[in-house]
Amino acid sequence: MAGGPEFPGTPDPANELASDQSSLDPRDFRNALGSHPTGVTIITAADDAGKPHGLTCNSFASVSLNPPLVLWSLVVYSRNMSVFQNASHFSVNVLGVSQKALAVKFATPSSRKFEGVDWTPGLGGAPLLSGSVANFQCRTVDRYYGGDHIIFLGAVESYSYNRDEALLFARGKYGRFVGE
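Undergrad: So what exactly am I meant to see when it comes to the environment of Ser 132 here?
TA: Within the secondary structure layout, Ser 132 lies in the loop between strand 8 (127–129) and strand 9 (134–146). Sequence separation between Ser 132 and Gln 99 is 33 residues, and the spatial gap between their C-alpha atoms is 8.0 Å. Leave out the neighbours within four places in its chain, and Ser 132 touches Asn 93, Val 94, Leu 95, Gln 99 and Asn 162. Among the polar contacts listed, one links the side chain of Ser 132 to the backbone oxygen of Leu 129, at a separation of 2.9 Å.

What follows is the structure in structure tokens.
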């Protein structure tokens, strides 16, 4: 149903861009979104055999303090989709400014991402990366379709953090916060 029952007659945003009904240029829209600086995370999980998997992600956000909930999203055609769809837990590892190389490594498709990386297994076997500014160990509580992505909602069951400086990403580049 177009627009859903709440807004009959309005375009369904989940199908509008995918069906070329939008007047927005997808590349230019992506460029506009890139002007918003985000933190850089590596989301991790273990597959059924206990093998670690991970990817660089900047779609991480807090949802609720009580209960403690966070979300992140993954493009539906990701080679990692089945791992995250089936994992009971995932970890969000917030990267520090000294971890740019790690962000690049986990953003590149490879079956050897964890080679040479210092990590320990967290809840559900999801890797906790050493040196991260923060990590959130989450139980997957729900998944939602959102256009060409799946949105993962996680209940935070454990977390840790330090006062190191977080790595940022904007306009296709990594950087750091410069305060006044």
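Undergrad: Hey, could you run me through the sheet that holds strand 1 (residues 38–39) in this one?
TA: Strands pair in a sheet through their backbones, by hydrogen bonds, and they do so in one of two ways: parallel or antiparallel. The strand order across the open sheet built from 3 strands is 1-11-12, with neighbouring strands paired in antiparallel fashion. If you trace the sheet from one side to the other, it starts and ends with strand 1 and strand 12 (173–175), each paired once. As defined by bridge partners, strand 11 (residues 168–170) adjoins strand 12 across 3 bridges and the pair is classed as antiparallel. By the bridge assignment for strand 12, Phe 169 is matched with Tyr 174.

Undergrad: Whenever I open this one, the packing of aromatic side chains confuses me. Can you help?
TA: For any pair of aromatic rings, the description consists of the separation of the ring centres together with the inter-plane angle of the planes. Applying the stated rule across the entire model yields 10 aromatic pairs. When the ring of Trp 72 is compared with that of Phe 90, the centres are 6.0 Å apart and the planes differ by 65°; the resulting orientation is edge-to-face. Here Trp 72, found in strand 5 (residues 69–75), pairs with Phe 90, found in strand 6 (residues 89–94); they are 18 residues apart in sequence, far enough to count as distant. Of the two residues examined, Trp 72 and Phe 90, each falls in the buried class. Their ring planes at 90° and their centres at 5.0 Å tell us that Phe 106 and Phe 114 sit as a pair that is edge-to-face.

Undergrad: Would you mind going over the pairing of strand 5 with me for this structure?
TA: A regular strand places its side chains so that they alternate between the two faces of the sheet. With 6 of 7 residues buried, strand 5 is to be regarded as a mostly interior element. Here strand 4 (residues 61–64) pairs with strand 5 via 3 bridges, running antiparallel. Bridged to Ser 64 within strand 5 is Leu 69. Between strand 4 and strand 5, which follow one another and run antiparallel, lie 4 residues.

Undergrad: Explanation requested: unusual backbone geometry in the structure shown.
TA: With the exception of glycine, the majority of residues adopt a negative phi angle, and the majority of peptide bonds are in the trans configuration. Cis geometry marks the peptide bond from Asn 66 to Pro 67, where omega comes out at 5°. Its place among the elements puts Pro 67 in the loop between strand 4 and strand 5.

Undergrad: Help me understand a nonpolar patch on the surface, please; the structure alone is not making it clear to me.
TA: Nonpolar side chains collect at one region of the surface, where Leu 24, Phe 29 and Leu 33 lie side by side and expose about 280 Å² of accessible area between them. Tracing the sequence through the fold places Leu 24 in the loop between helix 1 (13–16) and helix 2 (26–33). Exposure remark for Leu 24: the relative accessible area of 45% places this residue in the partly exposed category.

Undergrad: Just to check I follow, could you spell out the sheet that holds strand 2 (residues 41–46) for this structure?
TA: Read from one edge of the open sheet, 7 strands run 3-2-6-9-10-5-4, paired in antiparallel fashion. Each end of this open sheet is capped by a strand with a single partner; those strands are strand 3 (52–57) and strand 4. Adjacent strand axes in the sheet meet at a mean angle of 35° when their direction is disregarded. Both strand 9 and strand 10 (residues 149–161) contribute to a ladder of 12 bridges, which runs antiparallel.

Undergrad: I'm lost on the side chain of Gln 99 in this one. Help?
TA: Tracing the backbone through its elements, the reader meets Gln 99 in the loop between strand 6 and helix 4 (100–107). With relative accessibility at 7%, the residue Gln 99 sits in the buried group.

Undergrad: Got a minute to help me understand the pairing of strand 2 in this structure?
TA: The buried fraction of strand 2 is high, at 6 of 6 residues. Here strand 2 shows no split at all, with Thr 41, Ile 43 and Ala 45 on one side and Ile 42, Thr 44 and Ala 46 on the other all buried. Sheet topology places strand 2 next to strand 3; 6 bridges connect them, and they run antiparallel. The residue of strand 3 that forms the bridge with Thr 44 is Gly 54. The hairpin formed by strand 2 and strand 3 contains 5 residues between the paired strands, and Gly 50 there has a positive phi angle of roughly 90°.

Reading the values: rules and limits
Residues numbered from 1 in each chain as written. Predicted model: local features only at pLDDT ≥ 70, side-chain atom pairs only at ≥ 80, totals over all residues. Heavy atoms only, no water. Helix = DSSP H or I, 4+ residues; strand = E, 2+ residues; numbered from the N terminus. Contact = heavy atoms within 4.5 Å. Polar contact = N/O pair within 3.5 Å; in protein donor to acceptor, adjacent residues only side chain to side chain. Pairing = 2+ DSSP bridges. Phe/Tyr/Trp six-rings, centres within 6.5 Å; stacked < 30°, edge-to-face > 60°. Buried < 20%, exposed > 50% of the residue type's maximum accessible area, 1.4 Å probe, protein only. Patch = residues over 30% accessible without salt bridge, like charges linked within 9 Å, V, L, I, M, F, W, Y side chains within 5 Å. Areas by Shrake-Rupley, 256 points an atom, 1.4 Å probe, with all protein chains shown as cover. Salt bridge = Lys/Arg side-chain N within 4 Å of Asp/Glu carboxyl O. Axes fitted to C-alpha atoms, helices over the stretch in contact; angles between N-to-C directions.

The values are spatial; any link to function lies outside them.
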